[in-house]
Amino acid sequence: MDETTKWTPRPEIYGSPVASESFGVVEKPLSLWEWISGIPGLRKSLVLVGLAIIWELYARYLNNSLLFPSLGDTFGALVAGIVSGGLLIKIWASIRVLLIGYAVGMALAAAMTVLAITTRVGADILETLTAMFNPLPAIALLPLALIWFGLGEASLVFVLVHSVLWAVTLNTHSGFRNVSLTLRMVGRNYGLRGFSYVCSILIPAALANILSGMKIGWAFAWRTLIAAELVFGVSSGSGGLGWFIYERKNMLDIPSVFAGLLAVILIGLIVENLIFRTLEKYTVQRWGMQV
Amino acid sequence: MAELVGGAPLLEVTGVTLRYKTARHLITATYKVSFQVLSGDRFILLGPSGCGKSTLLKAVGGYLAPTEGSIRLRGREIRGPGPDRMMVFQEFDQLLPWKTICENVAFPLWKSGKCGRREAREKAMEYIDKVNLSQFAGNYPHTLSGGMKQRVAIARGMAMEPDILLMDEPFAALDALTRRKMQDELLRLWEDTRFTVLFVTHSIPEAIRIGSRILLLSPHPGQVKAELNSLRLDCDDGVLRKGLEDRINDLLFVDRVEETEAPHG
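Residues numbered from 1 in each chain as written. Chains lettered and ligands numbered in written order. Predicted model: local features only at pLDDT ≥ 70, side-chain atom pairs only at ≥ 80, totals over all residues.

A. Representation of the overall build of chain A within the structure. Scanning chain A from N- to C-terminus turns up 13 helices and 0 strands. Counting from the amino terminus, chain A carries its helices and strands in the arrangement α-α-α-α-α-α-α-α-α-α-α-α-α. The C-alpha radius of gyration of chain A comes to 28 Å, more than 25% above the 19 Å expected for a compact globule of 291 residues. Viewed in the frame of its principal axes, chain A has a C-alpha envelope of about 95 × 60 × 45 Å. Looking at chain A alone, contacts between residues at least 24 apart form 69% of all its contacts between residues at least 6 apart. (Helix = DSSP H or I, 4+ residues; strand = E, 2+ residues; numbered from the N terminus. Rg over C-alpha atoms; globule rule 2.2 N^0.38 Å. Contact = placed C-beta atoms within 7 Å.)

B. Looking closely at the interface of chain B and chain A. In this complex, chain B contributes 18 residues to the contact, which on the side of chain A involves 15 residues. Among the secondary structure elements, those contributing two or more residues to the side of chain B that touches chain A are β6 (85-88) and α2 (101-111) of chain B. Split by residue class, the side of chain B that touches chain A holds 10 nonpolar, 5 polar and 3 charged. (Nonpolar A, V, L, I, M, F, W, Y, C, P; charged D, E, K, R; others polar.)

C. Fine view of the nonpolar core. Counting residues in hydrophobic clusters, the biggest one holds 124 residues, and the most contacted among them are Leu160(A), Val164(A), Val105(B) and Leu198(B). Among the elements that make up this core, the one with the highest residue count is helix α8 (residues 153-177) of chain A (13 residues). In this structure, this core is formed jointly by two domains, domain 1 (11-84 + 165-264) and domain 2 (98-161) of chain B, each of which donates at least three residues. Residue contacts for Val105(B): discarding those within four places in its chain leaves Ala124(B), Tyr127(B), Ile128(B), Val152(B), Ala155(B), Arg156(B) and Ala159(B). (Core = buried A, V, L, I, M, F, W, Y, C linked by C-beta atoms within 7 Å. Buried ≥ 20, exposed ≤ 12 C-beta atoms within 10 Å, placed from the backbone. Domains from an automatic or database assignment.)

D. Structural view of helix α5 (residues 176-193) of chain B. For α5(B), which comprises 18 residues, the first-to-last C-alpha distance of 26 Å matches the rise-based estimate of 26 Å (1.5 Å per residue) to within 8%. Just beyond α5(B), the residue with positive phi is Arg194(B), at close to 55°. (Expected span 1.5 Å × (residues − 1).)

E. Structural context of the sheet that holds strand β3 (residues 42-46) of chain B. All names here are of chain B. One open sheet holds the 6 strands; their spatial order is β6-β7-β8-β3-β9-β10, and the pairing between them is mixed. The open sheet has two free edges, formed respectively by β6 and β10 (223-229), since each of these has just one partner strand. On average, each strand axis in the sheet is inclined to that of its neighbour by 20°, with strand direction left out of account. Of the strand pairs in this sheet, strand β9 (residues 213-218) and β10 are connected by 6 bridges, and their pairing is antiparallel. Bridge pairing in β10 links Ile214 to Leu228. (Pairing = 2+ DSSP bridges. Axes fitted to C-alpha atoms, helices over the stretch in contact; angles between N-to-C directions.)

F. The packing of helix α9 (residues 181-189) of chain A against helix α10 (residues 194-205) of chain A, seen in detail. Residue and element names in this part refer to chain A. At a closest axis distance of 10 Å, the pairing of α9 and α10 adopts a crossing angle of 160°. Between α9 and α10, the angle is such that the two are roughly antiparallel. Note on packing geometry: the crossing formed by α9 with α10 is right-handed. Counting all contacts with α9, which are made through Leu183, Arg184 and Gly187, the residues of α10 involved are Tyr197, Ser200, Ile201 and Ala205. A per-class count over the contact of α9 with α10 returns 4 nonpolar, 2 polar and 1 charged. (Parallel < 35°, antiparallel > 145°, perpendicular 65-115°, else oblique. Left-handed = near helix turned anticlockwise from the far one by under 90°.)

G. View of helix α3 (residues 117-130) of chain B. All names here are of chain B. Taking 1.5 Å per residue, 14 residues should reach 20 Å; α3 reaches 20 Å between its end C-alpha atoms and fits that length. Residues of α3 that are buried include every one of Ala120, Ala124, Tyr127 and Ile128, and no others. Buried positions in α3, seen along its axis, are confined to an arc of 105° and lie on one side of it. Buried residues belonging to α3 abut α2 and α4 (146-159). Two residues or fewer past α3, Asn132 is found with a positive phi of approximately 60°. (Arc of directions from axis to C-beta.)

H. Region of interest: the confidence of the model for chain B. All names here are of chain B. Of the residues in chain B, 93% have a pLDDT of 70 or more, and the chain-wide mean is 85. Residue range residues 259-265 is modelled with pLDDT below 50. Its contacts to residues more than four positions away, or to other chains, number 0 contacts. Quick note on the complex model: pTM equals 0.80, ipTM equals 0.85. (pLDDT = per-residue confidence, 0-100.)

I. Region of interest: unusual backbone geometry. All names here are of chain B. Note the cis peptide between His220 and Pro221, where omega equals -15°. Within the secondary structure, Pro221 is located in the loop between β9 and β10. Positive phi values are uncommon outside glycine, yet Arg74 reaches one of about 50°. When you line up the elements, Arg74 lands in the loop between β4 (68-73) and β5 (76-77).

J. Local environment of the domain arrangement of chain B. Residue and element names in this part refer to chain B. In terms of domain boundaries, chain B breaks down into domain 1 (11-84 + 165-264) and domain 2 (98-161). Each partner contributes to the interface: domain 1 provides 12 residues, whereas domain 2 provides 11 residues. Grouping the constituent residues of the side of domain 1 that touches domain 2 by class yields 10 nonpolar, 1 polar and 1 charged.

K. Quick peek at the sheet that holds β5(B). All names here are of chain B. Reading across the sheet, the 4 strands line up as β2-β1-β4-β5 and stay open at both edges, with antiparallel pairing between neighbours. Looking at strand neighbours, the two that pair on one side only are β2 (26-37) and β5, the edges of this open sheet. Two strands pair when backbone bridges link them, and strand β1 (residues 11-21) and β4 are joined in this way by 5 bridges, in the antiparallel orientation. Across the sheet, the residue bridging to Thr14 is Ser70, located in β4. Packing against the sheet, helix α1 (residues 53-61) makes contact with β1, β2 and β4, and its axis sits at approximately 115° to β1.

L. Local environment of the environment of Phe89(B). By the secondary structure assignment, Phe89(B) is in the loop between β6 and α2. Given 24 C-beta atoms within 10 Å, Phe89(B) falls into the buried group. Separated by 91 residues in the primary sequence, Phe89(B) and Arg180(B) have C-alpha atoms spaced 18 Å apart. Leaving out residues up to four positions away in the same chain, Phe89(B) has contacts with Thr182(A), Gln94(B) and Asp168(B).

M. Just the environment of Gly41(A), in detail. If you trace the backbone, Gly41(A) turns up in helix α3 (residues 40-62). Using a count of 9 C-beta atoms within 10 Å as the deciding quantity, one classes Gly41(A) as exposed.

N. Focus on the pairing of β2(B). As paired elements, β1(B) and β2(B) share 8 bridges and run antiparallel to each other. In the sheet register, Val16(B) faces β2(B), and the bridge partner there is Val33(B).

Printed below as a string of structure tokens:
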């Protein structure tokens, strides 16, 4: 290529935008399929249906209800449990203990994190304690709890508090520390101090982290509870869901064992999708702090 | 040439030395800086980066206590941040993301006990209207552009009717066009209410455009180099503007030229 062709000036180009009325489409509703596939709840339900089909097919292929009962058998056992076996009472017994433990854990976590952000010694204490106790499985404390508090609800609440406290504390504290310097300065500029500063600035600014801590705390508590009930069974009255599973296993009523596990899963799904998802939707997602 | 001369100085900064600690060093940000801001001043702190102008503004804001000297507002020593000195920051995340635009402006009004909730709302709407954002009053901040967020922050600061409005390079993160528009808008607002503003910038044209009086600071640590009058607001004499710009440029950068030339000489 010689110099002259290289330096030929490129033509200048002018466009002429047309008026928007002459477009075919400016705004058009989505087709039914696009609309439906845009609903995350529906897509996830589809995943559940897929799993259910795989379960049913495998169970029929195996044809051994003692090892792996079919979906139909499991649902049958679930309904039977609810109607006659007092499964609902057992679920309620579990959830009641869980809520007590969760509430106490949250309250302690709130107190500790507030202490940790207002004083330096509080932060040192919190960081050391979370580093020590967060890796310690709650269930490992159960034998001790049984000696200290006896065979009853108090022991369960103790291990639940342990499982909730550190997860929530860790997340809330790191959320507080992540609040941007600008927002902190804005809060102090308003003349906010102490409690009103924490409530008006830090908590909403760290809410995404606090909510994720609460979710983790909930999941930890739920597993710990079921495991604890499996280990020492009946605490008071009828016992909980874990005890139900244990009891039915001893009776070789495997569909009921599956029904108990299914109940554990269903409650987890409901809490995650209904309660926490809704909380997120109306707070952090609306504020553009989480996608 | 000053356009408005009040009575006693509103803000008195006398012999202020500011030091702060980083992990390894003790840094002197400013050394014995003195200046006085009168009521209605558009007072500019101008200097290259590292001259401690932002640190000085934070000290006036009450976030940092001087190691030497005093900062007095209306004759009273400044102790800690407070709503009588509203800050406008450079960062776009200075609005509370969990509050709508209207709530963001109204919140400090009722939280500081300045007025009741309803009155705060009305006042907030009035100032949001002043910065032409009425139609976005119900929006959350994340749906606004950077320039709009800064306008909300300015409205929030002005609605509080503080003794002095502190602005820390509020337009530095904006694009050139928006920046120019915001400067004009700030001046329009000033002509409207004649508030007192202490404004930090590193841009000489911005200082001349916005300020009524300009304090030049030298870097490492910041010391007063000069305190100049800016041009009148209605001055559109390009030659005068250029002249002042060159004068400030010489004052700020004459040392640097000497420094770089010294080894050869």
